[in-house]
Amino acid sequence: MTDNAFRFADELGPLKIIHVYEPSINLKAVLVVDNIAKGPSIGGIRMATDVSTEECFRLARSMTLKNAAAGLPHGGGKIVLYGDPKMPKAEKANLLRGLVNALRNEETYVFAPDMGTDEECMAWIRDEVGRVVGLPREIGGIPLDEIGATGWGLSNVAEVAVRYCDFELEGASFAVQGFGAVGKHASRFLSERGAKLVATSDSQGAIHNPDGLDINALLELKKAGKSVSEFDQGTSMDRENIIDIECDIWIPAARPDVIHEDNVSRLNTKLIIEGANIPITHAAESILYKKGIMYVPDFIANAGGVICAAMEYHGANESSAMTTIKEKLMRNTEQVLERAKLENIEPRQAAIELATDRVKKAMSFRRFSLFSTAPEFL
Ligand code: NAD
């Protein structure tokens, strides 16, 4: 097939790519439904001015793998919505209401939040079509960033991953890049297990104290709208210097591609738990692997949020969501690291194989491999 429209097509998908356009409200968006062999796709709406169909496809594919690895009855999909997420609220609501109406009958996709969209946006969607996760608590949602679903997942991943390293979690030192929704809760849960936060950063700067940082005091500082670098019990640094900090566990929880071939040698750690999405380039991960530094890939480690969203969709409450996150992530981390050890392959390759096996198994039950004609998918 030479047609450019099929440039992303491979054995797993994408099943469909839909361009949504409505000039009267300046609506431009793309929905990619990658693979629904395991169930209706879940993946958030990313709103930004610089998104593309290619980015949408890559994000949808990573949701296929993340949802499969997490053992959820959901496939992967994604929407990119062109626009400034900080536009006036009325305009944003209009755009989102238009978008979901255009996709009203796309039952292969469940709307969810991502960068640039939040609980309030999901509430508007609920008002229009109902098929949505990531709702405010007042209308039945489980507020995953407030309860720290992803950070909770990371702390459970750490508990398993240290068994493949030469240190204990109790007393281990850790550094967190990005003291936001993921980073602060990961810090809180890890410190409850006896680990010590020695450095953290945000977009303004970083703070370091080898004797340990007071997490509650840092949380108060952030609540007051300040940067962690303004904390008075430690050495404040440029935000990039967090990479050099000596620690047992290093957690990227900020931006994509922060570690690459040119700076990976600066890391002074034994274990990396990837909280952000694609925080380390694949080339840099290979360098870590060869140096004997253990890492747990993003779509295994940070699946707590999507597990929580899927649990909400299926009517679960907060405490059962947290229990499920713990069970699934501990089991998956063990399976990935065990497979990597036995087959002598990188953790990322082991994770991709595990997830792809699960998607292919689900595809084998279908009359058509990628889609189903069963009512829930129509
Ligand atoms: P957030 O906006 O709440 O927090 C991000 C933090 O990183 C902020 O404190 C910000 O100041 C800081 N930051 C930004 N640029 C930085 C830089 N260059 N250096 C250091 N710090 C920087 O976002 P979040 O929800 O915590 O998400 C963080 C990452 O985790 C993103 O990549 C996101 O896609 C990914 N993720 C989030 C979830 C979730 O449940 N929220 C789930 C899976 C993956």
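Residues numbered from 1 in each chain as written. Predicted model: local features only at pLDDT ≥ 70, side-chain atom pairs only at ≥ 80, totals over all residues. Heavy atoms only, no water.

### Overview of the overall build of the protein
Per the secondary structure count, the protein includes 12 helices and 13 strands. For the protein, the C-alpha radius of gyration of 21 Å lies close to 21 Å, the compact-globule estimate for 378 residues. For the protein, the spread of C-alpha atoms along the three principal axes comes to 55 × 50 × 40 Å. Each of the 378 residues in the protein was classed as buried or not, and the buried ones make up 55%. Counting contacts in the protein only where the partners sit at least 6 residues apart, residues at least 24 apart contribute 65% of the total. In the structure as shown, the protein presents an accessible area of about 16500 Å², 48% of it carried by carbon and sulfur atoms. Side chains of the protein give 42 positive and 53 negative charges; the mean places of these two sets differ by 4 Å. (Helix = DSSP H or I, 4+ residues; strand = E, 2+ residues; numbered from the N terminus. Rg over C-alpha atoms; globule rule 2.2 N^0.38 Å. Buried < 20%, exposed > 50% of the residue type's maximum accessible area, 1.4 Å probe, protein only. Contact = heavy atoms within 4.5 Å. Areas by Shrake-Rupley, 256 points an atom, 1.4 Å probe, with all protein chains shown as cover. Lys, Arg positive; Asp, Glu negative; His and termini not counted. Charge placed at Lys NZ, Arg CZ, Asp CG, Glu CD.)

### Details of the site of the ligand
Close contacts around the ligand come from 20 residues, with Asp 145, Thr 150, Ala 181, Val 182 and Ser 203 the closest. Take Asp 145: an N or O atom from its side chain is 2.9 Å from a nitrogen atom of the ligand. Residue Val 182 places a main-chain N or O atom 2.8 Å away from an oxygen atom belonging to the ligand. At the level of elements, helix H4 (144-147), helix H6 (181-192) and strand E8 (196-202) are the ones that each hand at least two residues to the shell around the ligand. Looking at the shell around the ligand, its residues break down into 7 nonpolar, 9 polar and 4 charged. (Near = heavy atom within 4 Å. Polar contact = N/O pair within 3.5 Å; in protein donor to acceptor, adjacent residues only side chain to side chain. Nonpolar A, V, L, I, M, F, W, Y, C, P; charged D, E, K, R; others polar.)

### Some thoughts on the side chain of Ser 173
Here Ser 173 is to be found in strand E7 (residues 173-177). Discounting chain neighbours no more than four positions away, the residues touching Ser 173 are Lys 196, Val 198, Glu 246, Cys 247, Asp 248 and Ile 249.

### Structural notes on the layout of surface pockets
Where empty space is left becomes clear once a probe the size of a water molecule has been rolled over the atoms. Of the volumes computed, that of the second largest pocket is approximately 220 Å³. Mapped by element, the contributors of at least two residues to the lining of the second largest pocket are strand E13 (294-296) and helix H11 (318-343). Broken down by element, the residue count for the lining of the second largest pocket peaks at 3 residues, all from H11. Taken together, the residues of the lining of the second largest pocket sort by class into 10 nonpolar, 2 polar and 2 charged. (1 Å grid on protein atoms, 1.4 Å probe; cavity = no way out; pocket = protein on both sides within 12 Å on 5 of 7 lines; lining within 4 Å. Points joined across faces, edges and corners; volume = space filled by probe spheres on them.)

### Points about helix H3 (residues 119-128)
For H3, the complete set of buried residues consists of Cys 121, Met 122, Trp 124 and Ile 125. In an axial view of H3, the angular spread of the buried residues amounts to 155 degrees, which keeps them on one side of the axis. Against the buried residues of H3 lie strand E4 (45-48) and helix H2 (89-102). At the N-terminal end of H3, a side-chain oxygen is found 3.2 Å from the backbone nitrogen of Glu 120, two or three residues along, and the residue is Asp 118. (Arc of directions from axis to C-beta.)

### Digging into the state of the cysteines
Within the structure shown, the criterion is met by 0 disulfides. Here Cys 121 stays free of any disulfide, with the sulfur of Cys 56 as its closest cysteine sulfur at 17 Å. Judged by relative accessible area, Cys 121 falls into the buried class, the value being 2%. (Disulfide = S-S within 2.5 Å.)

### Remarks on the pairing of strand E2 (residues 27-35)
Most of E2 sits out of view: 8 of its 9 residues are buried. Relative to E2, strand E1 (residues 16-22) runs antiparallel, the two being bridged by 7 bridges. Among the inter-strand pairings, Lys 16 is bridged to a residue of E2, identified as Val 33. A loop of 4 residues connects E1 with E2, the two strands running antiparallel in sequence, and Asn 26 in this loop sits at a positive phi of about 55 degrees. One ladder, built from 6 bridges, connects E2 with strand E5 (residues 75-82); its direction is antiparallel. Counted as the bridge partner of Val 33 is Gly 77 from E5. (Pairing = 2+ DSSP bridges.)

### Things to note about the pattern of salt bridges
According to the stated counting rule, one finds 25 salt bridges in the structure shown. Across the salt bridge formed by Arg 163 and Glu 334, the nearest N and O atoms sit 3.7 Å from each other. Separated by 171 residues along the polypeptide, Arg 163 in the loop between helix H5 (149-161) and E7 and Glu 334 in helix H11 bring together distant segments of the chain. Linked through salt bridges whose partners overlap, the residues forming this network are Arg 46, Glu 55, Lys 78 and Asp 114. (Salt bridge = Lys/Arg side-chain N within 4 Å of Asp/Glu carboxyl O.)

### Some details on the environment of Glu 261
Note that Glu 261 resides in the loop between strand E11 (249-252) and strand E12 (271-273). For Glu 261, a relative accessible area of 55% gives the class exposed. The spacing of Glu 261 and Val 132 is 129 residues in sequence and 39 Å in space, taken between C-alpha atoms.

### Focus: the packing of H5 against H6
Remark: H5 packs on H6, axes separated minimally by 7 Å, with the N-to-C direction vectors making an angle of 45 degrees. If you check the angle between H5 and H6, you find them oblique. Crossing angle aside, the handedness with which H5 passes H6 is right-handed. Between H5 and H6, the residues in contact are Thr 150, Gly 151, Trp 152, Leu 154, Ser 155 and Ala 158 and Val 182, His 185, Ala 186, Phe 189 and Leu 190, respectively. In the contact of H5 with H6, the residues fall into 7 nonpolar, 4 polar and no charged. (Axes fitted to C-alpha atoms, helices over the stretch in contact; angles between N-to-C directions. Parallel < 35°, antiparallel > 145°, perpendicular 65-115°, else oblique. Left-handed = near helix turned anticlockwise from the far one by under 90°.)

### Quick notes on the sheet that holds E13
Spatially, the 7 strands line up as an open sheet ordered E10-E9-E8-E7-E11-E12-E13, and their pairing is mixed. The open sheet has two edge strands with one neighbour each: strand E10 (235-237) and E13. Adjacent strand axes in the sheet meet at a mean angle of 15 degrees, parallel and antiparallel pairs treated alike. Here strand E9 (residues 205-208) runs beside E10; their pairing, made up of 3 bridges, is antiparallel. Its bridge partner being in E10, His 208 is matched across the sheet by Thr 235. Lying over the sheet, H5 contacts E11, E12 and E13, oriented at roughly 150 degrees with respect to E12. This element, H6, spans E7, E8 and E11 of the sheet and lies at about 170 degrees to E7.

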